[in-house]
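Observations on the model geometry
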Amino acid sequence: MSDISAVKDKYAAQIDSTNDLRTLDDIRVAALGKKGEIGKMMQGLGKMSIDEKKVMGPALNGLKKDIAAMIEAKKENLENAALDAALASETMDMSLPVGAPAGTLHPVQQVMEEMAVIFSDMGFSVAEGPDIEDDFHNFTALNFPPGHPARDMHDTFFMTAPEGEEKKVLRTHTSPVQIRTMINEKPPIRIIAPGRTYRCDSDQTHTPMFHQVEGLVIDKGIHMGHLKGVLMDFVSAFFETEVDVQFRPHHFPFTEPSAEMDVRYERDGASIKIGEGEKWMEILGCGMVHPNVLRACGVDPEQYQGFAFGMGVDRLAMLKYGMPDLRDMFAGDSRWLAHYGFNPLLQANLATGLS
Ligand code: PHE
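Residues numbered from 1 in each chain as written. Predicted model: local features only at pLDDT ≥ 70, side-chain atom pairs only at ≥ 80, totals over all residues. Heavy atoms only, no water.

**So, the overall build of the chain**
What counts is decided by this rule: Numbering of helices and strands runs from the N terminus, with a helix taken as a DSSP run of H or I at least four residues long and a strand as a DSSP run of E at least two residues long. The quantity called the radius of gyration is restricted to C-alpha atoms. Its globule counterpart is 2.2 Å times the number of residues to the power 0.38. Whether a residue is buried, partly exposed or exposed follows from its accessible area with a 1.4 Å probe, protein chains only, as a fraction of its type maximum: under 20%, in between, or over 50%, in that order. In what follows, residue pairs with any heavy atoms lying within 4.5 Å of each other are defined as contacts. Note on areas: Shrake-Rupley with a 1.4 Å probe; residue coverage comes only from the protein chains shown. For the purpose of counting charges, residues Lys and Arg are taken to be positive, whereas Asp and Glu are taken to be negative. His and the chain ends are not included. To locate a charge, take atom NZ for lysine, CZ for arginine, CG for aspartate or CD for glutamate.
The helix and strand inventory of the chain stands at 12 helices and 10 strands. In terms of overall size, the chain is more extended than a compact globule, its C-alpha atoms giving a radius of gyration of 37 Å where 355 residues would be expected to give roughly 20 Å. Projected onto the principal axes, the alpha-carbon positions of the chain cover approximately 110 × 55 × 35 Å. The proportion of buried residues among the 355 residues of the chain is 40%. Of all intrachain contacts in the chain linking residues separated by at least 6 positions in sequence, the fraction that spans at least 24 positions is 65%. Accessible surface, the chain: about 19,900 Å² in total, of which carbon and sulfur atoms supply 53%. Taken together, the 35 basic and 52 acidic charged side chains of the chain have centroids lying 9 Å from each other.

**Quick word on the site of the ligand**
Rules: One heavy atom within 4 Å of a molecule or strand is enough for the residue carrying it to be called near that molecule or strand. As used in this structure description, the phrase polar contact means that two N or O atoms lie within 3.5 Å; if the pair is within protein, one of them must be able to donate a hydrogen and the other to accept it, and residues adjacent in sequence are counted only when both atoms belong to side chains. We call Asp, Glu, Lys and Arg charged. Ala, Val, Leu, Ile, Met, Phe, Trp, Tyr, Cys and Pro are nonpolar, and the rest, Gly among them, are polar.
Neighbouring the ligand are 14 residues, the closest being His173, Ser175, Arg199, Gln212 and Glu214. Between the ligand and Arg199, the relevant distance is 3.0 Å, taken from an oxygen atom to a side-chain nitrogen or oxygen of the residue. Considering each element in turn, the shell around the ligand owes the most residues, three residues, to strand β10 (residues 305-312). Tallied by class, residues from the shell around the ligand come to five nonpolar, seven polar and two charged.

**With respect to the domain arrangement of the chain**
The following threshold applies: Reported domain spans reflect what an automatic or database domain assignment gives.
If you check the domain split of the chain, you get domain 1 (2-87) and domain 2 (107-340). The C-alpha centroid of domain 2 is placed 75 Å from the C-alpha centroid of domain 1.

**Some thoughts on unusual backbone geometry**
Residue Pro188 is reached from Pro187 by a cis peptide bond, and omega for that bond is 0°. Within the secondary structure layout, Pro188 lies in the loop between α8 (176-184) and β4 (189-198). Of the consecutive residues Glu256 and Pro257, the connecting peptide bond is found in the cis state with omega at -5°. For Asn143, which is not a glycine, the phi torsion comes out positive at approximately 70°. Among the structural elements, Asn143 can be located in the loop between α6 (135-138) and α7 (149-152).

**Let's talk about the packing of aromatic side chains**
Test applied: Any Phe, Tyr or Trp ring, taking Trp's six-membered ring, that has another such ring centre within 6.5 Å forms a pair; planes under 30 degrees apart are called stacked, those over 60 apart edge-to-face, and the others tilted.
This model, assessed by the stated rule, comprises 11 aromatic pairs. With centroids separated by 5.4 Å and ring planes inclined at 25°, the aromatic side chains of Phe119 and Phe309 adopt a geometry described as stacked. Of the two residues, Phe119 is situated in helix α5 (residues 107-121) and Phe309 in strand β10; the sequence distance between them amounts to 190 residues. Plain terms: the ring middles of Phe234 and Phe238 are 5.6 Å apart, the flat faces sit at 25° to each other, and that makes the pair stacked. With Phe234 and Phe238 both in helix α9 (residues 224-239) and four residues apart, the pair spans about one turn of that helix. This pair shows no difference in class: Phe234 is buried, exactly as Phe238 is. Each member of the aromatic cluster is reached from another via a ring pair, and the members are Phe119, Phe124, Phe234, Phe238, Phe239, Phe307 and Phe309.

**Some words on the side chain of Asp135**
Tracing the chain through its elements places Asp135 in helix α6. For Asp135, a relative accessible area of 15% puts it in the buried group. Once you skip the residues sitting within four places of it in the chain, Asp135 turns out to touch Thr140, Arg151 and Glu166.

**A short note on α9**
Defined as follows: An expected span of 1.5 Å times one less than the residue number is assigned to each helix.
For α9, which comprises 16 residues, the first-to-last C-alpha distance of 23 Å matches the rise-based estimate of 22 Å (1.5 Å per residue) to within 8%. Buried residues of α9: Leu227, Val230, Leu231, Phe234, Val235, Ser236, Phe238 and Phe239, and no others. One or two positions beyond α9, positive phi appears at Glu240, with a value near 55°.

Encoded structure:
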């Protein structure tokens, strides 16, 4: 029995003087491990008489429990001390002044906000739709009948679908938001729909994911003059200068007549000047909403007319802020963002300027 209390005292002293968790674990292994001291003492039980066993068995079990409890208590102690030390040393002084904010607003975000400011001043509100669309909203309701060749021109990304189910698509344009809006709301409608769009295409002026802003106006007596007025006012407000534009006839299945709008520009070394020179750059597609599209959404074309437009946000950002390569926009390079990004605390507005 004296053995037992000597062993207990020995470990108690060791545990007491330990200041780190590793040494504590070494002690645990030496005392309670498979080949540890207590185990060996227990093996000795086999050679003892029945009476001795009756005394030593419970005594050794008690010793084992006591040492385990001492180790557990010490462990908790050491862990709490480590936590206290971390709490004391890893403090952050919230009253210290911050340096220049590290984050910037991406030019695409900035341009979308500028557009929202300009169009909301003309009475438009902002609508949204999902990036993953079904065939009906992305194509069929927009007057692309099944098998129509224009479907192929969209370089569509198809999602995989279970057997027998229709494949969903990553929307190839923001025009499906026209459909969603006309189905859910009664005219008069005046919305813009900014968002991500996807086509399987990549070079200096194309990325597989890009951004568009859709516009839609539905009301009684709407004509091409309204469309031209809105878009001409928009570009002048956006480029913050008088901009010369031209409308060229074009074809989209969902508008009739359809046009593309170009702005006059000139290349001056690496930079581009909008509103001067002899060249024309296409910046958007537009037209009068096709009667088939109105019917597909339950709008009576005899009563209501409208116009729609869709423009590439990334290209407008490049033109306005002079980035040479579209792909850099989505490379996530912090040096590029530091250079081309915008102060997130300065919001675009018409009173003090867009940017
Ligand atoms: N959805 C067309 C495109 O992505 C653009 C467009 C929108 C044209 C609305 C006309 C009307 O090319």
